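# Fold and contact review
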Amino acid sequence: MDFVKKILHQISRKSEAVSQITFDEDYNVPDARPDVGRMIQKKGEVTIGDVQISEGKARVFGGLTFHLLYVSDGERRRICQLSGELPIDETIHLDGLTGGDKVCITWEVEDLNLHLINSRKLGVRAIVTLHAWIEELCDLAVPMEIRGESDVAVKRQEYRVVELAVQKKDVLRVKKELTIPSGKPELHEILWQDLEVRGLDLRSEEGRVSAQGELFVFCLYSDGEEDHSLQWVALPFQAEVECQGCISEMIPRIESTLGQTTLEIQPDSDGEERVLQAEAVLELDICLYQEETVSLLQDVYHPHRECIPKVQEETLESLLIRNSSKCRLTDKLQMRVPKNKILQICHSDGKIKIDEERIVENGIEVTGVVELRALYVVSDDEMPFYAAETAIPFRHTIEVPGIGPDCRYELQSSIDQLSTTMPDSSDIEAKVVLNLNALVFRRRKEMVMQYVEEKDRDPEELQSLPGITCYFVKPGDTLWDIAKKFYTTTEKIRELNDLKTENLTPMQQLLVERV
């Protein structure tokens, strides 16, 4: 028998591993940068350059880039910045990895610590965690029809299934311009900058993925004489990337990672350097799922041939729920200079670190911290800029009714809102709203028919069966079961007994005639 099959595209993780890299290095301040007097603020990120794949191993090349905002040492104290990079060459062991596999890597910088050895040398300590996994596309062929067999009776079962419809990686570039008001000094040098994307909404539409959100820009700059801060400025944006095969009804799971960001000084129409050109690169990992109802073959029989279905256990996935949950947090930041009054908060940002996620009754419990930092100005004309940091712990349950061990989920987290205020001149209060979104699938093990083995029926067995039988329906019987047992068809039973539907009741009397 020849099956008409439908191919269900699925995605799975073949193998995954975690590797930690510890840095404890000395870094010499470049000759072009002034001596370091007091450190104000630091940050770091990882760049992945190349991944070399061999049997069971992935060798990762890249670097840890760190940035430091500091006050120079000397008679004239100035706000300065420097950047440095430490190389990464790490081998990650992944079971089953072969040359044609696709390795995905994410990173996290933990405990970045810069300490002053002397005015020309820094100590750099950090832990970088690399998460690596093998993403594998699986095609599951399921039988829908039997081709070219008119006398074969089939039994079907309907399933609600979800399959991967589109998978691609793309880059979304956000470019915005910001003009410094004429009442402020011209731009001479950018001392410190931060670009963030918040409130990002990614949606699948006809032939494209649309994006809208806000690009937050912060800049601390010098006019050549004094230092000035530009507060967080939110620049709304809308953009899109082409996505062949995408439709609005699809279920999106789109991971976005903020890649390279740049902030450059440009002249305005009058030739004055008052324009900041901001560009952010969003790296998109697009997976779009499609949900549908399929009617799969469960059993077959032929009145004159013995049919033995050969089955294999497979996993079918269905969508349980998509849930967008919000977690609200409030905390106060520890001040490093309590003796001075806080005049102004220049800038604050944060990142989410998830420590644990687990399935609980009717939900997914997520535990972690939000690491926050703030740059502020105090009443000290000689050294006005200071920074504060804090980590706000959180525990939040995303409601998922019916979730259990037979489910898998994909979790996305982001900062939706972050605000810092001054209740008084000595405290900074932070309020954070987190987005915790879950896409949950139920995985069901089913025996899926692979092929049918056919044999000629024993003529003596057929002759021994009566031509017509009076049968009393047993609990759980279906017309299909009765027809298969007596080598007839459901249509023949319904016609002979004048049945309007296939519904049966126990002890119901039926006449059954062998074909």
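Residues numbered from 1 in each chain as written. Predicted model: local features only at pLDDT ≥ 70, side-chain atom pairs only at ≥ 80, totals over all residues. Heavy atoms only, no water.

## Section: the nonpolar core
- Core analysis: the biggest nonpolar cluster contains 33 residues, and F23, L82, L94, L122 and V128 have the highest contact counts within it.
- Those elements giving two or more residues to this core turn out to be β1 (2–28), β2 (36–54), β3 (57–72), β4 (79–93), β5 (102–118) and β6 (121–147).
- It is β6 that provides the largest number of residues to this core, a total of 7 residues.
- With near-sequence residues (within four places) excluded, L82 lies in contact with Y27, V29, R33, V36, F66, H67, L68, Y70 and L122.
- If you look at the next biggest cluster of nonpolar residues, it comprises 32 residues, including I345, I352, I392 and I428. (Core = buried A, V, L, I, M, F, W, Y, C linked by side-chain atoms within 4.5 Å. Buried < 20%, exposed > 50% of the residue type's maximum accessible area, 1.4 Å probe, protein only. Helix = DSSP H or I, 4+ residues; strand = E, 2+ residues; numbered from the N terminus. Contact = heavy atoms within 4.5 Å.)

## Comments concerning a nonpolar patch on the surface
- Residues I468, L496 and L511 make up a contiguous nonpolar surface patch of about 240 Å² in total accessible area.
- Following the sequence through the fold, L496 ends up in helix α3 (residues 490–497).
- With relative accessibility at 34%, the residue L496 sits in the partly exposed group. (Patch = residues over 30% accessible without salt bridge, like charges linked within 9 Å, V, L, I, M, F, W, Y side chains within 5 Å. Areas by Shrake-Rupley, 256 points an atom, 1.4 Å probe, with all protein chains shown as cover. Salt bridge = Lys/Arg side-chain N within 4 Å of Asp/Glu carboxyl O.)

## Here we look at the pattern of salt bridges
- Taken as a whole, this structure holds 42 salt bridges when the rule is applied.
- K168 serves as the salt-bridge partner of D170, at 3.0 Å between the closest nitrogen and oxygen.
- With a relative accessible area of 24%, K168 lands in the partly exposed category.
- Through salt bridges with shared partners, a single network forms among R253, E317, R408, E410 and R443.

## Observations regarding unusual backbone geometry
- Here the phi dihedral of N362 falls at roughly 55°; this positive angle occurs in a residue that is not glycine.
- As for its position among the elements, N362 is in the loop between β14 (342–360) and β15 (363–378).
- The class of N362 is partly exposed, set by a relative accessible area of 39%.
- Residue D498 is not a glycine yet carries a positive backbone phi of 55°.
- Along the chain, the position of D498 falls in the loop between α3 and β20 (509–513).

## Focus: the state of the cysteines
- Enumeration according to the criterion identifies 0 disulfides in this entry.
- There is no disulfide at C243, and the cysteine sulfur nearest it, in C246, is 4.5 Å away. (Disulfide = S-S within 2.5 Å.)

## Some remarks on the side chain of D299
- Mapped onto the elements of the fold, D299 is located in strand β12 (residues 275–301).
- In this structure D299 comes out as buried when scored by relative accessible area, which is 14%.
- A distance of 2.7 Å separates a polar atom in the side chain of D299 from a polar atom in the side chain of K484.
- Apart from the residues within four sequence positions on either side, D299 is in contact with A153, V154, K155, P309, M449, W480 and K484. (Polar contact = N/O pair within 3.5 Å; in protein donor to acceptor, adjacent residues only side chain to side chain.)

## Points about the sheet that holds β5
- Ordered by their spatial adjacency, 3 strands build an open sheet running β1-β6-β5, and the pairing between neighbours is antiparallel. Bordering the open sheet on either side are β1 and β5, each of which pairs with just one other strand. The mean inter-strand angle of the sheet, taken between neighbouring strand axes irrespective of direction, is 10°.
- Examined bridge by bridge, β1 and β6 share 26 bridges and lie antiparallel to one another. Within β6, the position partnered with Q20 by the bridge is T129. (Pairing = 2+ DSSP bridges. Axes fitted to C-alpha atoms, helices over the stretch in contact; angles between N-to-C directions.)

## Digging into the packing of aromatic side chains
- For the structure on display, the rule yields 4 aromatic pairs.
- Centroid distance Y471 to F486: 5.6 Å. Interplanar angle 70°. Geometry classified as edge-to-face. In this pair, Y471 sits in strand β19 (residues 468–472) while F486 sits in the loop between α2 (479–485) and α3, placing the two residues 15 residues apart along the sequence.
- Judged by relative accessible area, which is 9%, Y471 ranks as buried.
- Over the aromatic face of Y386 sits the side chain of R38, whose NZ or CZ is 3.9 Å from the ring centroid.
- One residue, R198, lies across the ring of F216, its end atom 4.5 Å from the ring centre. (Phe/Tyr/Trp six-rings, centres within 6.5 Å; stacked < 30°, edge-to-face > 60°. Lys NZ or Arg CZ within 6 Å of the ring centre and 35° of its normal.)

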